[in-house]
Structures are given as C-alpha cells and as structure tokens.
Amino acid sequence: MSKHEKLLARLLSRPKDFEWSEAVTLLGHYGFETLTGSGSRRKFVHLQTKQVIDLHKPHPGNILKTYIIKELIAGLKEGGFICE
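Residues numbered from 1 in each chain as written. Predicted model: local features only at pLDDT ≥ 70, side-chain atom pairs only at ≥ 80, totals over all residues. Heavy atoms only, no water.

S.K.: Sorry if this is basic, but what is going on with the nonpolar core here?
M.R.: One recurring pattern in soluble globular proteins is that nonpolar side chains are buried together. Among the nonpolar cores identified, the biggest contains 20 residues, and Leu11, Leu27, Leu55 and Leu76 are the most heavily contacted of them. Apart from the residues lying within four places of it in its own chain, the contact partners of Leu11 are Phe18, Leu26, Ile69, Leu72, Ile73 and Leu76. (Core = buried A, V, L, I, M, F, W, Y, C linked by side-chain atoms within 4.5 Å. Buried < 20%, exposed > 50% of the residue type's maximum accessible area, 1.4 Å probe, protein only. Contact = heavy atoms within 4.5 Å.)

Structure (structure tokens):
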C-alpha cells in the first residue's frame, strides 16, 4: 500500500488526530495547489479541473477538527477523486 493510499484510508476512518500536513500531502497527490487566503482559510485548487476545496487551517495546533475532515472528504468525493 502506497503512502497516499495509507493517508486516504486514514482520512476515511475519520481519526481524531489527522494533521494539517497530512491533508496538504494528500491534496498535493491529487493535483491540488495551495492558495493562501485571508486569515486561516486555505484554498486548494485542482490544477486541471479548477475545483476548489476551501478549508480552515487549525491553529494554534495542527490537528484537524471533525467538520474539516468531513469537508475534505466531501470535496474529494465531489471532484471524483474518491468514492466511499
């Protein structure tokens, strides 16, 4: 099982300790580029489809909240990158 497959499986299990860096790595694998917005919002734009996934970067910690994990999964499903 590859690194991104392990990260995807971990994301889909909706862990309580999924980190921002893991989300960025996974989105990068699927071809998303990070755009810095105002404040803690970060937009991830797919380079080919122009799909945007807008997430709130956690602070001061690095652990994603449950609603952010759900938004990330929904965005990947919407783009057809995963099916659960």
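S.K.: Is there a simple way to think about helix 2 (residues 20-29) in this case?
M.R.: What sets the pattern is the α-helix's 3.6 residues per turn: residues three or four places apart point alike. Residues of helix 2 that are buried: Trp20, Glu22, Ala23, Leu26 and Leu27. Down the axis of helix 2, the buried side of the element spans an arc of 160°, and every buried residue falls inside it. Of the surrounding secondary structure, the elements contacted by the buried residues of helix 2 are helix 1 (3-12), strand 1 (32-36), strand 2 (41-46), strand 3 (52-56) and helix 3 (66-78). Gly31 sits one or two residues past helix 2 and shows a positive phi near 95°. (Helix = DSSP H or I, 4+ residues; strand = E, 2+ residues; numbered from the N terminus. Arc of directions from axis to C-beta.)

S.K.: Quick question: what am I supposed to make of unusual backbone geometry here?
M.R.: Most peptide bonds take the trans form, and the phi angle of most residues other than glycine is negative. Residue Pro60 is bonded to the preceding His59 through a cis peptide linkage, with omega at 0°. In this structure, Pro60 sits in the loop between strand 3 and helix 3. One non-glycine residue, Arg14, lies in the positive phi region at around 50°. In this fold, Arg14 is placed in the loop between helix 1 and helix 2. For Arg14, a relative accessible area of 39% puts it in the partly exposed group. Within the chain, Lys50 stands out as a residue other than glycine whose phi angle is a positive 65°. Along the chain, the position of Lys50 falls in the loop between strand 2 and strand 3. A relative accessible area of 57% means that Lys50 is categorised as exposed.

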